[in-house]
Amino acid sequence: MTTTQPAVRNGVDTAALFATLDAVKANPDLARFQFRARNTWVSGTHNRSTIDGFFGAGQEMTHEQAWTFDADHPAVLVGQDQGPTPAEHLLQALAACLTSGLANIAAARGVNLTEVTSTVEGDINLLGILGLSDEVRNGFENIKVTFTLSGDDPAKLRKVVEQSRKRSAVFDVITNGVPVTIDVNAG
């Protein structure tokens with residue numbers, strides 16, 4: 001007796017997931033993507049990013065809607081608290097990437113999820129950012145992610161989280177770094 005996977009598991013369309021994997025295996029060039037964000041200064045430390053277009057699967061594409069995200073600093077850091085700090089956006093990006101990957105991996109492996117929550121904490125010493133010490137790095141000293149999951153067997157859930165960590169683009173960028181080029185057009 002063969003068991004068929006449900007078409008949707010954990011909210012993931014498994015048929016589309018496997019079709020995507022098959023298409024990329026057949027044509028690895030489809031895996032090349034470029035994501036973009038545009039940012040505009042508003043005032044003080046407040047700025048706004050817009051995300052709408054990207055290149056993927058061999059073509060220019062757009063999201064169904066443009067997404068905007070405000071960033072600012074809280075008053076204690078001379079901002080107006082009009083949005084999370086950029087560092088908090090990074091923590092959110094890590095949580096979101098791990099969770100998205102976890103959902104896909106669980107669906108592909110036939111693992112049922114009933115709850116997934118996470119808390120991401122980043123410890124930072126502002127002496128570096130404030131230019132008060134060359135001995136202190138500008139970024140986080142450490143980041144801790146804590147997941148709470150329920151669904152199938154806890155051992156399966158732990159394996160899904162570990163595989164998500166191994167495949168997370170954001171985790172990779174944070175832990176392995178990536179070259180960043182900054183071009184300046186000033187007039």
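Preceding this paragraph is the structure being described.
Residues numbered from 1 in each chain as written. Predicted model: local features only at pLDDT ≥ 70, side-chain atom pairs only at ≥ 80, totals over all residues. Heavy atoms only, no water.

A.B. asks: Break down the packing of helix H2 (residues 86–109) against helix H4 (residues 169–176) for me, with residues and values.
C.D. replies: In the contact formed by H2 and H4, the axes pass within 7 Å of each other and the chain directions differ by 130°. When the interaxial angle is binned, H2 and H4 end up oblique. Residues Leu 90, Ala 93, Leu 94 and Cys 97 of H2 pack against Ala 169, Val 170, Phe 171 and Ile 174 of H4. Broken down by class, the residue content of the contact of H2 with H4 amounts to eight nonpolar, no polar and no charged. (Axes fitted to C-alpha atoms, helices over the stretch in contact; angles between N-to-C directions. Helix = DSSP H or I, 4+ residues; strand = E, 2+ residues; numbered from the N terminus. Parallel < 35°, antiparallel > 145°, perpendicular 65-115°, else oblique. Contact = heavy atoms within 4.5 Å. Nonpolar A, V, L, I, M, F, W, Y, C, P; charged D, E, K, R; others polar.)

A.B. asks: Describe unusual backbone geometry, listing the residues and the values that go with them.
C.D. replies: For residues besides glycine, phi is generally negative; the peptide bonds are generally trans as well. At Asn 10, a residue that is not glycine, the phi angle is positive and equals roughly 60°. Within the secondary structure layout, Asn 10 lies in the loop between strand S1 (8–9) and strand S2 (12–13). Not every positive phi belongs to a glycine, and Val 78 is a case in point at roughly 70°. Tracing the backbone shows Val 78 in the loop between strand S6 (59–71) and H2.

A.B. asks: Lay out the nonpolar core in plain terms, naming residues and giving numbers.
C.D. replies: By size, the foremost hydrophobic cluster in this structure holds 14 residues, and its most contacted members are Leu 102, Ala 106, Val 111, Leu 113, Val 120 and Val 160. Elements represented by at least two residues in this core include exactly H2, strand S7 (113–123) and helix H3 (154–167). At seven residues, H2 tops the list of elements feeding residues into this core. For Val 120, the residues in contact, after removing those within four places along its chain, are Leu 91, Leu 94, Ala 95, Ile 143, Lys 144 and Val 145. (Core = buried A, V, L, I, M, F, W, Y, C linked by side-chain atoms within 4.5 Å. Buried < 20%, exposed > 50% of the residue type's maximum accessible area, 1.4 Å probe, protein only.)

A.B. asks: Provide a residue-level description of H3, including the pertinent values.
C.D. replies: Here H3 is 14 residues long and its end C-alpha atoms lie 20 Å apart, about the 20 Å a rise of 1.5 Å per residue gives. Looking only at H3, the buried set comprises Leu 157, Val 160, Gln 163 and Ser 164. With its buried residues spanning 125° around the axis, H3 presents them on a single face. Residues of H3 that are exposed and angled more than 90 degrees away from the buried face: Arg 158 and Lys 159. Tucked into the core, H3 has its buried residues touching H2, S7 and strand S8 (142–151). (Expected span 1.5 Å × (residues − 1). Arc of directions from axis to C-beta.)

Note that all results are geometric; they support no functional claim without further evidence.
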